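# Remarks on the overall topology
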Amino acid sequence: MTGSYLRTYFLAKYITSNAPALAKLITPLQGFLIETNGYRKMGLRYDDLISEENPIVQKAINRLPPKEYCDRVFRIRRAHQLSIMQQLLPKEEYLKPDEDVRYLTPYILEVEAEMKEREYFDTMAVVAK
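Here we summarise the structure given alongside this text.

Calculation criteria
Residues numbered from 1 in each chain as written. Predicted model: local features only at pLDDT ≥ 70, side-chain atom pairs only at ≥ 80, totals over all residues. Heavy atoms only, no water. Helix = DSSP H or I, 4+ residues; strand = E, 2+ residues; numbered from the N terminus. Rg over C-alpha atoms; globule rule 2.2 N^0.38 Å. Buried < 20%, exposed > 50% of the residue type's maximum accessible area, 1.4 Å probe, protein only. Areas by Shrake-Rupley, 256 points an atom, 1.4 Å probe, with all protein chains shown as cover. Lys, Arg positive; Asp, Glu negative; His and termini not counted. Charge placed at Lys NZ, Arg CZ, Asp CG, Glu CD. Phe/Tyr/Trp six-rings, centres within 6.5 Å; stacked < 30°, edge-to-face > 60°. Contact = heavy atoms within 4.5 Å. Expected span 1.5 Å × (residues − 1). Arc of directions from axis to C-beta. Polar contact = N/O pair within 3.5 Å; in protein donor to acceptor, adjacent residues only side chain to side chain. Core = buried A, V, L, I, M, F, W, Y, C linked by side-chain atoms within 4.5 Å.

## A look at the overall build of the protein chain
Within the protein chain, the regular secondary structure consists of five helices and zero strands. For a compact globule of 129 residues, the expected C-alpha radius of gyration is about 14 Å, and the protein chain comes in at 18 Å, more than 25% above that figure. For the protein chain, the C-alpha atoms occupy an extent of roughly 70 × 40 × 20 Å along the three principal directions. In the protein chain, which comprises 129 residues, the proportion classed as buried is 29%. Entry remark: accessible area of the protein chain is about 9400 Å², with carbon and sulfur atoms responsible for 60%. Within the protein chain, the 18 negative side-chain charges are centred at a point lying 3 Å from the centre of the 19 positive side-chain charges.

In structure tokens:
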């Protein structure tokens, strides 16, 4: 899952920086899809939706600052409670687009890079001269 997430992340970064015409077409669609997804109406951020069942994501979550980790747990528990009650937050408590920052993605990218580096050094062959 994380591999496909990272490919999507890098594809989006590439489109926004190198293909401005395509970005102009995709940006309104992106806003529509986020709005219909509804995770902001439950107070969740985009990175709260990433599955924790991947070891890379688990390591990234363990690297979060304590306050950010507690905030994540609170948002997820509140969303579960709202889901059980079949309710949404009041409109004034919806997550605003500027508050929906990627707080976990940098840690995921860092762990992924470390794992690739570790794999590279573990499989390195030592050649005697």
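## Here we look at the packing of aromatic side chains
The final tally for this structure, using the stated rule, is two aromatic pairs. Geometrically, the ring pair formed by Y120 and F121 is edge-to-face, given 5.2 Å between the ring centres and 70° between the ring planes.

## Observations concerning the side chain of D100
Among the secondary structure elements, D100 is positioned in the loop between helix 4 (66-85) and helix 5 (105-122). Not counting the four nearest positions on each side in its chain, D100 is found in contact with Y39, R40, R45, Y46 and L95.

## Looking at helix 5
If you check helix 5, its first and last C-alpha atoms are 25 Å apart, about what 18 residues at 1.5 Å a residue would give, namely 26 Å. Burial in helix 5 covers these residues: T105, I108, V111 and E112. The arc that holds the buried residues of helix 5, viewed along the axis, is 125°, so those residues lie on one side.

## Some words on unusual backbone geometry
Notably, Q86 is not glycine yet its phi reads approximately 55°, a positive angle. Within the secondary structure, Q86 sits in the loop between helix 4 and helix 5.

## Description of helix 3 (residues 55-62)
Looking at helix 3, one finds that the buried residues are I56, V57, A60 and I61. For helix 3, the angular spread of buried residues about the axis comes to 135°, placing them on one side. The N-cap residue of helix 3 is N54: its side-chain oxygen and the backbone nitrogen of I56 are 2.9 Å apart.

## Some remarks on the nonpolar core
Counting 10 residues, the largest nonpolar core is built from I50, I56, V57, A60, I61, L64, Y103, L104, I108 and V111. Put simply, the parts of the chain that give this core at least two residues each are helix 3 and helix 5. In this structure, M42, L44, L89 and Y94 belong to the second largest nonpolar core, which totals eight residues.

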